[in-house]
Amino acid sequence: MNPELNSTYRYQIGGSLPPDSSTYVVRQADSDLFNALLAGEYCYVLNSRQMGKSSLRIRTMDKLQAQGIICAEIELTGIGSQQITAQQWYGGIIQELISGFDLSINRRHWLRDREDLSPVQRLGEFIETVLLTQIPQNIVIFIDEIDSILSLNFLTDEFFALIRNCYNQRASKPDYKRLTFALLGVATPSDLIQDKNATPFNIGRAIELRGFQFHESGALVAGLVCRSNHPQALLKEILYWTGGQPFLTQKLCWLIAQFGFVQSQEVDSIPPGEESNWLEQFVQKQIVEHWEAHDDPEHLKTIRDRILRNARDSERLLLLYQQIIQQGKIAAINSEEQMELRLSGIVTKQESYLRIYNPIYESVFNCNWVRTKLIGLRTSPIRVDKATEKKTKIPQDIKEIQPESWNNPPEAIPTRKEPWWWVGLRVLIASAIATSLVLGVRSRGGLESWELQVFDHLMRLQPQEEPDERLLIVEITEKDVQAQPAEERVGASLSDRAFAQLLAKLESYQPQTIGLDIYRDRPVEDNYPELAQAMETSDRLFTICHYGNPGVVPPPEVSGERQGFNNVVLDTDDILRRHLLAVSDASPCQNQYAFSIQVASHYLAAQGIEPHLNSDGYLQLGSTVFKTLDTNPGGYSTINSSGHQILLNYRATNQIAEKITLTDVLNGQLNPEQVKNRIVLIGTTAPSFNDHRWLTPYSKGQGTVQTMTGIEIQAQMVSQILSAVLDQRPLIWWWSEPIEILWICGWSLIGGLLAQTSRSPRGFLIRGGVAIAILYGSGWVLFLQGGWIPLVPAALALVMTGGVLIVFSRFKIKQFR
């Protein structure tokens, strides 16, 4: 044996291992996390405690810094979670960034100058204007112990929404491509943003942190040579007992290496071939027997406390764990209970099944332990008689209750069998009542807000699409506006001189259509007769007007057939979901059609597709019919459906079309191929002209409110028309009212049947949840085909019918007894 080895080769129990630790086990997660962060991917490592997350972070930071990447870590527990305000918490994060990156800034003065901003806005501005400005290299921010947010007395949804926004900013701000986040903690992605109406935290790459594998664990062998002539065989047995759990593996190795010396006596080597038997006895004596006394530093107690920390949830977790003990494994379905049990560390997912993590846990947390804890949750083991202050033990019959019976308590079991026709009649009556109530509330607009939110949610779930290559946007930015002499602009975003140069440049490159989304209600100045003539004679130039009283008149140089209004129709929440194609009275415009349909129709006419009204009075282009909205289409209760309105099916892309600025065009930086045979839309994106604040279904699902500019809205409308006609991209459709009623009634009946076939309220909740998931999935699949069907009313009818029948059944059982 080699006593000196034990004093120099040290296993570490608890805490973080330094990067150069001799007992650090390099796992697949090490390369996965390092390579992902090196490539600029956002990452999160979410797992149970004592799995080596902090050691992984420290080692990964060391490797990244060797590659020239600047790293810092924010340990959220160090900021505090008790009696701390949101302002203090966000300020603490800013201080951690200043310290971690050694930034040159007076934090107090900087924050004082921004007292009018919310805490999360300050952090966002700090990242953009200080961190990304002072650090020119690539940056990785590690955020550890993220589960500490769950104990804060304020919501932190905005914090993780900010992280997601930093990711989204990469599309428009190149500096954000240098910034990467890595999140570590004992949580699930759904814990990070708890507001069910907000977009979940769904960015980044999940790094799977598995236990030690035998082929990875060679670093642990050196400390075992003093106990075995075959240390690899001994290590293999150790990994069997621990399942590779990092903390437990290090501890067991340490106990074996130190055994005998802690007792001031020499211990012979383990006989060859006896590693399994010897280790079994060693584990039983040193870890399993009297485990609560041996559990130092705490590990098994940590698992126990996480399972039992909430009495209301503990019973569900214990029953689920008991099922795994009895069956050996169960199918992994990522339910809330299964995720919580996995985060406790007691079980692990292997090949789509949940299994107990290792034999040590199975020996400590066995059937007797589960039964004892279940009985303890159901009834106190000692009851105090306040009258006599005598302590009385639980009756024997309570002790012998089998936990399995608690899944179906006696009051949930039917007392007698009822005729099928009576059960069916009861379901029909409950369904009719629930359906009538839902339809009544819906007809009065009581569900419209919810249904429109679901509409927006489904719109945001559409698969990502490429920008429309048929379009090019020439945007007039604030810089473009200021570059034009003020005396030439006279309050407009585009002077006559700049427009003349732009139009001549574009015309020379042969676009199919040019759309000017800028009001020009004054004649062209006398100094630019060529511009006036070009506007009068060009058959590809289309301009806008605005109908109404007083409205905005079109350019006098452009004939009526090349004009179109740019009016839009907003819903009561100021979100633009509808697309107005035509109106009967468009004065002072000289054309009853919208700018978008005029531009799209001109483009399609070159391909032999002319607009006409079909036999039903609907506008038709090719084989595509643009069905007009009625007063209550889809989830709307009552809308003003005058004119020819359709629903706007936004193209799911970060940028609807390729963009180029006015200055770049005039400076000759425009490739002719960008223009030839395309639709060129010209419009301002300068904030000073207040045409950049249009809310869309995407606006409230990005953490912060995102808006579109007017020219982007027009591009979306033009793209919708072209895509529907040329690409068969679906327009949004809806069912007739009778079909919607049948749909809602059908789901109401399903709720009733589920309630009647469930033996307990919990059973109905599980089955009802599955049914609502199927309903949601059906709605999403149909929405991908353009269908907007009633999801909220159907779900409400299902829950109401099932709830009424569950309450009735329990009342009937109570009365019978």
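One structure accompanies this document, and this report is about it. (Residues numbered from 1 in each chain as written. Predicted model: local features only at pLDDT ≥ 70, side-chain atom pairs only at ≥ 80, totals over all residues. Heavy atoms only, no water.)

## What about the sheet that holds strand β20 (residues 658–661)?
Here is step 1: Judged by pairing direction, the sheet is parallel, and its six strands sit side by side in the order β14-β13-β12-β21-β11-β20 without closing on themselves. In the strand order of this sheet, the two ends are held by β14 (563–565) and β20, each with one partner. Averaged over all pairs of adjacent strands, the angle between their axes in this sheet comes to 25°, without regard to strand direction.
Here is step 2: By the bridge criterion, four bridges tie strand β11 (residues 471–476) to β20 in an arrangement that is parallel. The residue of β20 that forms the bridge with Glu 475 is Thr 661.
Here is step 3: Sheet contacts for helix α24 (residues 496–508): β11, β12 (513–516), β13 (541–545) and β21 (679–684); angle to β12, the most-contacted strand, approximately 160°. (Pairing = 2+ DSSP bridges. Helix = DSSP H or I, 4+ residues; strand = E, 2+ residues; numbered from the N terminus. Axes fitted to C-alpha atoms, helices over the stretch in contact; angles between N-to-C directions. Contact = heavy atoms within 4.5 Å.)

## Observations regarding the state of the cysteines
By definition, a disulfide links the sulfur atoms of two cysteine residues through a covalent bond.
Here is step 1: This structure, assessed with the given rule, holds one disulfide.
Here is step 2: Shown here is the disulfide that connects Cys 545 with Cys 589, its sulfur atoms set 2.0 Å apart. Classification of the bridge connecting Cys 545 and Cys 589 rests on its S-S torsion, roughly 125°, and on that basis the disulfide is right-handed. Here Cys 589 lies in the loop between β15 (578–582) and α26 (595–605) and Cys 545 lies in strand β13, a separation of 44 residues in the sequence. Of the two residues examined, Cys 545 and Cys 589, each falls in the buried class. (Disulfide = S-S within 2.5 Å. Buried < 20%, exposed > 50% of the residue type's maximum accessible area, 1.4 Å probe, protein only.)

## Digging into the pattern of salt bridges
Should the charged atoms of two oppositely charged side chains come close, the side chains can pair.
Here is step 1: Throughout the structure, instances matching the rule amount to 29 salt bridges.
Here is step 2: Measuring nitrogen to oxygen at the nearest pair gives 2.4 Å for the salt bridge that ties Arg 316 to Glu 337. Placement of Arg 316 in helix α15 (residues 311–327) and of Glu 337 in helix α16 (residues 336–344) is noted, with a sequence separation of 21 residues between them.
Here is step 3: Residue classification places Arg 316 among the partly exposed positions, given a relative accessible area of 24%.
Here is step 4: Across the pair Asp 571 and Arg 578 runs a salt bridge, and its minimum N-O distance is 2.9 Å. As far as the burial class goes, Asp 571 and Arg 578 line up, both buried.
Here is step 5: In the salt-bridge network here, residues are joined through shared partners; they are Asp 456, Asp 571, Asp 573, Arg 577 and Arg 578. (Salt bridge = Lys/Arg side-chain N within 4 Å of Asp/Glu carboxyl O.)

## Concerning the packing of helix α2 (residues 28–38) against helix α3 (residues 53–66)
Here is step 1: Contact geometry for α2 and α3: axes closest at 10 Å, N-to-C directions at 45°. Taken together, the axes of α2 and α3 are oblique relative to one another. As for how α2 packs across α3, the hand of that crossing is right-handed. Of the residues in α3, those in contact with Ala 29, Asp 30, Leu 33, Phe 34, Leu 37 and Leu 38 of α2 are Leu 56, Arg 59, Thr 60, Lys 63 and Leu 64.
Here is step 2: A per-class count over the contact of α2 with α3 returns seven nonpolar, one polar and three charged. (Parallel < 35°, antiparallel > 145°, perpendicular 65-115°, else oblique. Left-handed = near helix turned anticlockwise from the far one by under 90°. Nonpolar A, V, L, I, M, F, W, Y, C, P; charged D, E, K, R; others polar.)

## A word on empty space enclosed by the protein
To find leftover empty space, a probe the size of one water molecule is rolled over the atoms.
Here is step 1: Enumeration over the complete set of coordinates arrives at three cavities of 30 Å³ or more.
Here is step 2: Of the voids in this model, the largest cavity is the one considered here, and its volume is about 60 Å³.
Here is step 3: Looking at the largest cavity, the residues that line it are Ile 74, Ile 93, Leu 97, Leu 123, Ile 127, Ile 141, Ile 143, Phe 159, Leu 162, Ile 163 and Phe 181.
Here is step 4: For the lining of the largest cavity, the secondary structure elements donating two or more residues are α5 (86–101), α7 (119–134), β3 (139–144) and α8 (157–168).
Here is step 5: With three residues, the top contributor of residues to the lining of the largest cavity is α8.
Here is step 6: Each residue belonging to the lining of the largest cavity can be placed in one class, and the counts come to 11 nonpolar, no polar and no charged.
Here is step 7: Forming the boundary of the second largest cavity are Leu 248, Lys 251, Ile 287, Trp 291, His 294, Asp 295 and Leu 300.
Here is step 8: Among the secondary structure elements, those contributing two or more residues to the lining of the second largest cavity are α11 (246–258) and α13 (291–294). (1 Å grid on protein atoms, 1.4 Å probe; cavity = no way out; pocket = protein on both sides within 12 Å on 5 of 7 lines; lining within 4 Å. Points joined across faces, edges and corners; volume = space filled by probe spheres on them.)

## What to know about the nonpolar core
Here is step 1: Ranked by internal contacts, the top residues of the largest apolar core, which has 71 residues, are Phe 142, Leu 252, Tyr 321, Leu 341, Ile 346, Tyr 361 and Phe 365.
Here is step 2: Looking at this core element by element, the count peaks at seven residues for α15.
Here is step 3: Formed by 45 residues, the second largest nonpolar core is a distinct cluster that contains Leu 76, Phe 101, Phe 126 and Ile 143. (Core = buried A, V, L, I, M, F, W, Y, C linked by side-chain atoms within 4.5 Å.)

## Thoughts on the packing of aromatic side chains
Here is step 1: On inspection of all chains with the given rule, the structure shows 21 aromatic pairs.
Here is step 2: Seen from their ring centres, Trp 743 and Trp 747 are 5.7 Å apart, and the 70° between their planes marks the pair as edge-to-face. You can see Trp 743 and its partner Trp 747 sitting in helix α29 (residues 737–757), four residues apart, about one turn around the helix. The pair Trp 743 / Trp 747 is uniform in exposure class, with both members buried. (Phe/Tyr/Trp six-rings, centres within 6.5 Å; stacked < 30°, edge-to-face > 60°.)

All we've got here are geometric facts, nothing functional implied.
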